[in-house]
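# Secondary and tertiary structure notes
Listed below, chain by chain, are the residues.
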Amino acid sequence: MEELESEEVKEFVDAQAAVADAVLSTCGHRGRLREQLTALFDHPRYRAPFKRAGSYFYFHNAGLQPHSTLYVQNGLGGEPDVLLDPNTFSDDSTVSLAMVGVSDDGEHLAYGTSASGSDWVTIRVMRVRDRQHLRRDELSWVKFSRIAWTRDGKGFFYSRFPAPKHNGAVLGAGIKTSVNLNHEVYYHFLGTDQSEDVLCWEDPDHPKYIYTPEVSEDGKYVILSVAETSEPVNKLYYCDLSALPDGLQGMKGSHGMLPFVKLVDEFEAYYALTANDDTQFTFLTNKDAPRYKLSRVDINEPHIWMDVLPEDEKAVLESASAVHGDKLLVNYLSDVKYVLQMRSLVTGELLHDIPIDIGSVNGISGRRVDSEVFIDFASFLTPGIIYRCDVSKETPEMNIYREISVAGFDRTEFEAEQVFYPSKDGTKIPMFVVSKKNIVLDGSHPTLLYGYGGFGMNMTPHFSVPRIVLMRNLGFVSCIANIRGGGEYGEDWHRAGSLSNKQNCFDDFIAAGEFLVSAGYTNPDRLCIEGGSNGGLLVAACINQRPDLFGCALAHVGVMDMLRFHKFTIGRAWTCDFGCSENEEEFQWLIKYSPLHNVRRPTEKDGGSHRRRRHQQYPSTMLLTADHDDRVVPSHTLKFLATMQHVLCTSLDDSPPQTNPIIARIDRKSGHGCGRSTQKIIDEAADRYSFAAKMMGISWTD
């Protein structure tokens, strides 16, 4: 199953696709779900604008366009024009826009495209004024990068890997699953070929390092963040571009790299640049602060750090944006609810609280040269609001710049609440519960429970068209459990669900299901669990451990083989959360919950004299993957699928075979999830939720 291009694996995939199609053809709500999803998705959507040299750039989707289009307008009152339309990239909408970067003077746009959802990106450059592409500027094999323009607009920094090769030849089409090593940082001059780019940094002695360059707002420094895994720790290097004798131009053709200075050279904490005033730099960091803080250092005295905004006693400092000179817009997360404040960049002093509803701040757009900030907000029942905040006034004013409305959606029909429930060890876990108003807690409601629980990622309120349709037309209750492993309460919460503590994630999620049953929301036959990536692992581990608790399971692009995940693409970076099977102690953690290695018939003995108290069936299960997923490679899902079908669906004398379906939805020309077209999103949602409704016997309501 790891040889994805082999004929045997292709035949297996085709056979499994036929099985899935046969099962889905019996799901009566599939067509109606697709119709309702299409109708509700057909609404205008916007993202917060960002400003460069008097021009505003923003993304907009008219409704059912495959991908959002990038617009530009001169001034807030200017007429918007299409700058870049990703819907023209390919006939089948499988080439998407992965990244953009506009030069400070607003003259050039560099953008990266991804084919079939791959993490590999190709960067091109166009002139903003006439939409003409620069003929020679095409950069290949870019991955885990950003576009970092220098202040003069002559070029930008980016990161790439050497071209993948097999037997000495550069690989062409098809998924590339080899381990990604030897990341490099380059500078690209406009109007030149990639072969002329300046190699700014590499470190062959540390082939696993990942580099992210960033240019300070004053244009004087390039900051290099150095990571080895997905753990929130990094090294921090800087280079004074103004001190280069002949500038970056003088580096062309040389064999030397930029003279980076190592400000932080240990993987001890996380550092992200907030602002600098000449040699004084302010960073967001978790150094001795699991809920994060702001610290300042003068790079001429690198051993002296001062806290500007100390760690809060309870809330997590999510972000800090320097705006309008010496002001600081900070974003806290308190009990999974966002709190906005305006503070002084100089002293950290609180200047103003900025009121905001319960929901998620999805983006803050503003710079120190600007007197305005745009804030992108959404919640379970708010499709989206973009606020414009004038920060030049003594008291900042939040005004609605754009508000997204969805025809056919009436928020007054629904309600959202936050509950806290005890996990197995007594820890209180927060969970959001969204449903139609005034439901009777009689245990009858179909319920969708979603979770992630890994890598310090937060699961905060967001608007979801599929979940609105489920609640409105199928009577679902929609829940998100903020289990340990996430970052909702800072690094301590994250670490409590990682490495040797990973079982806490599964215990927390199982406890969420038990709470929803005991509180009268649902019953096990009508409880569906869902998660993606690390959340796919979560779902798979939980159906192995408690198949009796769930009526259906939807596991997207999950990490299913915990003994070999580190051997493919960027999987090695996840050992910070999981551990590695090549270490004996960590192998013992992993083998206990690895989904692939813990599939058992529910009546099998579990290594002791007592039989497991488990239902006779695993829940109906849909595993979702994609043929071009080069982050969590499809082999994870294919191996788990084959194992489940072999172990559970084979007839034995002492136990009946599994009859609840175990199928896989294998998307074609798609990846880990990013860059999918609107139609692909609709089709997948219709398939997975019609499957869940069919398996749990849910009726349609108009």
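Details of the structure are given in the entry above.
Everything in this summary refers to the structure shown in the same document. (Residues numbered from 1 in each chain as written. Predicted model: local features only at pLDDT ≥ 70, side-chain atom pairs only at ≥ 80, totals over all residues. Heavy atoms only, no water.)

### Looking at the overall build of the protein chain
- When helices and strands are counted, the protein chain shows 10 helices and 39 strands.
- At 26 Å, the protein chain has a C-alpha radius of gyration in line with the 27 Å of a compact globule built from 702 residues.
- With the C-alpha coordinates of the protein chain rotated into their principal frame, the extents come out at 80 × 60 × 50 Å.
- Counting every position in the protein chain, which comprises 702 residues, the buried fraction comes to 58%.
- Taking all contacts inside the protein chain whose residues are at least 6 apart in sequence as the whole, residues at least 24 apart take part in 58%.
- As displayed, the protein chain offers around 28300 Å² of accessible surface, 47% of which is attributable to carbon and sulfur atoms.
- Distance between charge centroids for the protein chain: 3 Å, based on 71 positive and 95 negative side chains. (Helix = DSSP H or I, 4+ residues; strand = E, 2+ residues; numbered from the N terminus. Rg over C-alpha atoms; globule rule 2.2 N^0.38 Å. Buried < 20%, exposed > 50% of the residue type's maximum accessible area, 1.4 Å probe, protein only. Contact = heavy atoms within 4.5 Å. Areas by Shrake-Rupley, 256 points an atom, 1.4 Å probe, with all protein chains shown as cover. Lys, Arg positive; Asp, Glu negative; His and termini not counted. Charge placed at Lys NZ, Arg CZ, Asp CG, Glu CD.)

### Points about the packing of aromatic side chains
- In the structure shown here, the tally under the stated rule is 36 aromatic pairs.
- Here the aromatic rings of Phe409 and Phe463 are separated by 5.3 Å at their centres, their planes lie at 70°, and the arrangement is edge-to-face. Of this pair, Phe409 sits in the loop between strand 31 (397-403) and strand 32 (414-422) while Phe463 sits in the loop between strand 34 (447-450) and helix 3 (465-474), and the two are 54 residues apart along the sequence.
- Overall, the relative accessible area of 15% leaves Phe463 in the buried class.
- Chaining the aromatic ring pairs together yields one cluster made of Tyr221, Tyr238, Tyr271, Phe281, Phe283 and Trp305.
- It is Arg402 that lies over the ring of Tyr58; its NZ or CZ is 4.5 Å from the centre. (Phe/Tyr/Trp six-rings, centres within 6.5 Å; stacked < 30°, edge-to-face > 60°. Lys NZ or Arg CZ within 6 Å of the ring centre and 35° of its normal.)

### What about the environment of His646?
- Structurally, the position occupied by His646 is in helix 9 (residues 635-649).
- On a C-alpha basis, the gap between His646 and Arg146 in space is 44 Å, while along the polypeptide they are 500 residues apart.

### Focus on the side chain of Glu684
- Examined against the element boundaries, Glu684 turns out to sit in helix 10 (residues 678-695).
- Here Arg676 takes part through its side chain, which lies 3.0 Å from a polar atom of the side chain of Glu684.
- At 2.9 Å, the side chain of Glu684 and the side chain of Arg688 are in polar contact.
- Not counting residues within four places of it along the chain, the set of residues in contact with Glu684 comprises His556, Leu624, Arg665 and Arg676. (Polar contact = N/O pair within 3.5 Å; in protein donor to acceptor, adjacent residues only side chain to side chain.)

### Examining the pattern of salt bridges
- Evaluation of the coordinates by the stated rule reveals 41 salt bridges.
- The salt bridge involving Arg34 is made with Asp687; its shortest N-O contact spans 3.8 Å. Residue Arg34 is found in helix 2 (residues 30-41), and its partner Asp687 is found in helix 10; the two are separated by 653 residues along the sequence.
- Judged by relative accessible area, which is 5%, Asp687 ranks as buried.
- Of the charged contacts in the structure, one is a salt bridge between Asp277 and Arg368, with a shortest N-O distance of 3.1 Å. With Asp277 in strand 20 (residues 271-277) and Arg368 in the loop between strand 28 (360-365) and strand 29 (372-379), the pair connects residues that are 91 residues apart, well separated along the chain.
- Sharing partners across several salt bridges, the network here consists of Arg30, Arg34, Arg665, Asp683 and Asp687. (Salt bridge = Lys/Arg side-chain N within 4 Å of Asp/Glu carboxyl O.)

### Regarding helix 5 (residues 503-518)
- Taking 1.5 Å of rise per residue, 16 residues should cover 22 Å, and helix 5 covers 22 Å from first to last C-alpha, within 8% of that figure.
- Helix 5 sits mainly inside the fold: 12 of its 16 residues count as buried.
- Restricting attention to buried positions, one finds in helix 5 the residues Asn504, Cys505, Phe506, Asp507, Asp508, Phe509, Ile510, Ala511, Ala512, Gly513, Phe515 and Leu516.
- Where helix 5 ends, the next residue or the one after it, Gly520, has phi of about 90°, a positive value. (Expected span 1.5 Å × (residues − 1).)

### As for the environment of Asn504
- For Asn504, the position within the fold is in helix 5.
- Note: C-alpha distance between Asn504 and Phe587 (83 residues apart in sequence) is 17 Å.
- Excluding residues within four positions of it along the chain, Asn504 makes contact with Asp425, Arg484 and Ala496.

### Points about the sheet that holds strand 30 (residues 382-390)
- Within the open sheet, the four strands sit side by side as 28-29-30-31. Their pairing is antiparallel. Each end of this open sheet is capped by a strand with a single partner; those strands are strand 28 and strand 31. Neighbour-to-neighbour, the strand axes of the sheet open up by a mean angle of 25°, direction not taken into account. (Pairing = 2+ DSSP bridges. Axes fitted to C-alpha atoms, helices over the stretch in contact; angles between N-to-C directions.)

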